[in-house]
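Structural overview
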Amino acid sequence: MSKMAEYLIEAKTVKGKIKSSTDASIYIKMVGQSASISTEWTLLDNWFRDDFEEGRWDTFKIKTKEIGLPKAIGLKIEKKYSSDGWFCERVIVKSKELNKTVEFLVLDWLLTELWVVAGEETLPQKETCPFIKDVRTREVERNRVTYQWIPRPCPGELGWSLPRFCNETMEQIPFMFESSDNQVFSFEGTRSLIKKDIFKEYLSGKIGFGTELNDYDDYMELFNGTNIPVDKPKFYSKWQEDEEFGRSILNGTNPITVQKISQIPDGVMIKAEQLDGLLDDDINFEQALERNRIYVSDHRQKVRGLPRNIRTKSRAQMHGATPIAMLYVTNKGAFTPILIQLEEDDPDYVFTPNDSAEDWQLAKMYFKSADIAVHQWISHFLYTHAVMEPFAVGLFRNISSRHPIYKLMKPHLRTVAAINTMARKDLLGPNSAANQCIGINAVAAAANAFVNFRYDDLNLPKFLEYHGINDCEVLPNYHYRDDALELWGVINTYIGRIITIYYQTDEDVVNDTELQDWVKDVAYQGIGWQDGDTKGFPTCLHTVEELQSYITVVVYTCSVQHAAINFGQFETYKILPNTPGAMRLPPHKRGEATKERIMNSLPDAVMTIMQLGTSFLLSKYSAEDVFLGEYSEELFTNGGVWLAKEQFRRDLKKVEERIIKRNEGLEIPYTTLLPSKIPISIAS
């Protein structure tokens, strides 16, 4: 007969989600250190107590077969509702006989059966215990059922010509991907208030009491009495100036559209001598090209031929341009526009500062309107949200929770599928608020851009070099670039410190089957699912250096790049005449603009509230946000990782101090990439 022993079991339920608790029956099974002896399944239950409630510790005394200190535990749930589960944070087992304890960090949902192993994270090829190898294999097999790709979409369906995503609705999304209750309640509450503002303005217009917009300042007055903040941004007095236009191109919400040129681009209908008088007195256009002082922000390919949205209620067609802007670095280092072309094949759509003030101002508005669409649907949705979801789905499908890469990447990738699922439902549809205030169709814009998208577009140093915008001496006052590059370097160094703890040789990378399955799944099933074009995404990794770069791309995009693109948009969009999401009239030709034409072209009150409300909703930080360098849970047990994280925080603090000092000398500080304002994941 087996010797019996007493064990004290302490279990904690995760805090922050009501669904994390359960009234179901929870059982535990323990396996000894040699994996040759185990207990039976034992019910964890306290009489007359509601166990396993959100955020609470529960203690259970059990008597079972003596196994010493357990090496692994199994958890099983029975008598549950179909959608019920238990989100367990950790389990601590104390052997009364040995007077020793062992902790099992779970941080996973128990839906049927779940096994957890104590000890340090390990690469799969370095597992030595056959039982643990089997536990690990079965975990990955289970996860491939839980985390599934959406079935291959057909033409015309949401997802066609886009990165593949999680195969669930908001109601069915895997529990691991769900947002916290606070995030959901905050998002839904804010959205409800904004919907009321939109509906109120719409009804007022129907009965003849809608807000009249006769001047630019009327747009700021529109928000009085709404749930949208109305404080004026720092650049309010300058928004019509050319230097402010250039500053917003470099350091606004869409700072990745600039490219250095060496000649006038094809299709731009102007000659060099026509631009000479628009530069400083001591330089002509050809000399400016030779000195690397001419740049373009070219949206033509990104919006050419794309469908323009139609308003749901009025059925009014929204309009937009197919623009390109040319900008010049002045002797004083300012970045200023010298040309805007709104449409192709007609010189009457080419504007310069020499045109009338109204023509030039309206041309800038049409350019910004296209830029809003490019920002929201390409730079924001496609280049951060959409391309990161394959990494998230692939990670949870292929890598065990014992893997150091899982522990490194989980905090950065866990939230993206939930926010994307919400976006596909509420933001991308043809009748969504966003598509009712942004002129270019969301899905069409993203799908069009994905055709030419490449993996190296996510690698910041390569992206900046390719577009000729990496030199701070040639292109000064590009604060996004300077801050982002420094943060890229800090993140890359941090990632290197961690992965070299586990990967001593390139062979360790090559022989890591879980890692290679993740990389392959992302490339073939996440990116190249439609036609086999993996767009330069690695299909396997060969060296530690390649792995470091791969992980850096993901961490940087989920944190720094998303913050740069997302969190400044409401502050930038507040002055809506400066950033109209859509126009109500087609682009004007030279000589046609008047103040009346401008006001009739700009969005009306309903469109304005929709645009500002949507950007306000997307720009809000959540109370649950965790910022760069911090982690809400410590998944690693290796002390070397803890030291690397501490050095990472010190390096980020130095970046923050430099940015603060730099900003002291700026009239309009660039604060978007202060590390203390950068969430570690895409959650909004």
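Please refer to the structure placed before this passage.
Overview of the structure. Worth saying up front: this structure is predicted, and the values here are computed from it rather than measured.

1. Description of the overall build of the protein
Scanning the protein from N- to C-terminus turns up 19 helices and 13 strands. Against the compact-globule benchmark of 26 Å for 684 residues, the protein has a radius of gyration of 28 Å, which places it among compact chains. Taken over the C-alpha atoms alone, the protein extends approximately 100 × 60 × 50 Å along its principal axes. Split into buried and exposed, the 684 residues of the protein put 59% on the buried side. Excluding contacts between residues fewer than 6 apart, the proportion of contacts in the protein whose partners are at least 24 apart in sequence is 75%. As displayed, the protein offers around 28100 Å² of accessible surface, 49% of which is attributable to carbon and sulfur atoms.

2. Section: the sheet that holds strand 3 (residues 42-44)
Reading across from one edge, 3-2-5-8 is the order of the four strands in this open sheet, with antiparallel pairing throughout. Edge strands, defined here as strands with exactly one partner in the open sheet, are strand 3 and strand 8 (113-117). Ignoring which end each strand starts from, the neighbouring axes of this sheet average 30° apart. As paired elements, strand 2 (residues 25-32) and strand 5 (residues 70-78) share eight bridges and run antiparallel to each other.

3. Overview of the packing of helix 8 (residues 404-413) against helix 12 (residues 479-502)
Between helix 8 and helix 12, the shortest axis-to-axis distance is 10 Å and the interhelical angle comes to 155°. As the angle between them shows, helix 8 and helix 12 are arranged roughly antiparallel. Facing P404, I405 and L408 of helix 8, the residues of helix 12 in contact are Y494, I495, I498, I499 and Y502. Tallied by class, the residues present in the contact of helix 8 with helix 12 amount to eight nonpolar, no polar and no charged.

4. Topic: the sheet that holds strand 6 (residues 86-95)
In spatial order, the strands read 4-1-6-7; together these four strands make up an open sheet with antiparallel pairing. Whereas interior strands pair on both sides, the edge strands pair on one side only; in this sheet they are strand 4 (57-65) and strand 7 (100-110). Across the sheet, the mean angle from the axis of one strand to that of its neighbour is 25°, orientation sign disregarded. Relative to strand 4, strand 1 (residues 4-13) is paired through nine bridges, and the arrangement is antiparallel. Following the sheet pairing, I9 is matched in strand 4 by F60.

5. A closer look at unusual backbone geometry
In this structure, S161 takes a positive phi of about 65° despite not being glycine. When you line up the elements, S161 lands in the loop between helix 1 (130-146) and helix 2 (181-206). Even without a glycine there, the phi angle at D345 is positive, about 70°. Tracing the chain through its elements places D345 in the loop between strand 12 (335-341) and strand 13 (350-351).

6. Remarks on the packing of aromatic side chains
For the structure on display, the rule yields 28 aromatic pairs. For the ring pair Y478 and Y480, a centre distance of 6.0 Å and an interplane angle of 45° mean the geometry is tilted. Judged by relative accessible area, Y478 falls into the buried class, the value being 0%. With a centroid separation of 5.5 Å and an interplanar angle of 85°, the aromatic rings of W518 and Y550 are classed as edge-to-face. One end of the pair, W518, is in helix 14 (residues 513-527); the other, Y550, is in helix 15 (residues 544-566), and 32 residues separate them in sequence. The exposure class assigned to W518 is buried, which follows from its relative accessible area of 0%. Given a relative accessible area of 1%, Y550 falls into the buried group. Joined through ring pairs, the aromatic side chains of Y383, F391, F450, F453, Y455, W518, F537 and Y550 make up one cluster. For the cation-ring pair, K535 lies above F450, with the distance from its terminal atom to the ring centre recorded as 4.6 Å.

Scoring rules and cut-offs
- Per chain, residues are indexed from 1 in the order of the written sequence.
- Where totals are concerned, whole chains, interfaces and linings use all residues; where local detail is concerned, this predicted model gives features only for residues with pLDDT of at least 70, and gives and counts side-chain atom pairs only at 80 or more.
- Side-chain metrics rest on all non-hydrogen atoms present in the structure, leaving aside hydrogens and water.
- Secondary structure elements follow DSSP: runs of H or I of four or more residues count as helices, runs of E of two or more count as strands, with numbering from the N terminus.
- Each radius of gyration reported is based on C-alpha atoms, and the globular scaling rule is 2.2 Å times the count of residues to the power 0.38.
- For each residue, the accessible area found with a 1.4 Å probe, counting protein chains only, is set against the maximum for its type, and the residue is called buried under 20%, exposed over 50%, and partly exposed in between.
- Note on contacts: a residue pair is in contact if any heavy atoms of the two residues lie within 4.5 Å.
- Each accessible area is a Shrake-Rupley estimate made with a 1.4 Å probe; only the visible protein chains count as cover when residues are assessed.
- Strand pairing requires that DSSP identify at least two bridges connecting the strands.
- Axis definition: a line fitted to C-alpha atoms, over the contacting stretch in the case of helices. Angles run 0 to 180 degrees between N-to-C directions.
- Angle categories are assigned with fixed cut-offs, so that under 35 degrees is roughly parallel, over 145 is roughly antiparallel, 65 to 115 is roughly perpendicular, and the rest are oblique.
- When residues are sorted by character, Ala, Val, Leu, Ile, Met, Phe, Trp, Tyr, Cys and Pro go into the nonpolar class, Asp, Glu, Lys and Arg into the charged class, and all the rest, Gly among them, into the polar class.
- Centre distance within 6.5 Å is the pairing criterion for rings of Phe, Tyr and Trp, where only the six-membered ring of Trp is used; planes under 30 degrees apart are then read as stacked, over 60 as edge-to-face, and the remainder as tilted.
- As a reminder, the over-ring test applies to NZ of lysine and CZ of arginine, requiring each to be within 6 Å of the ring centre and within 35 degrees of the ring normal.

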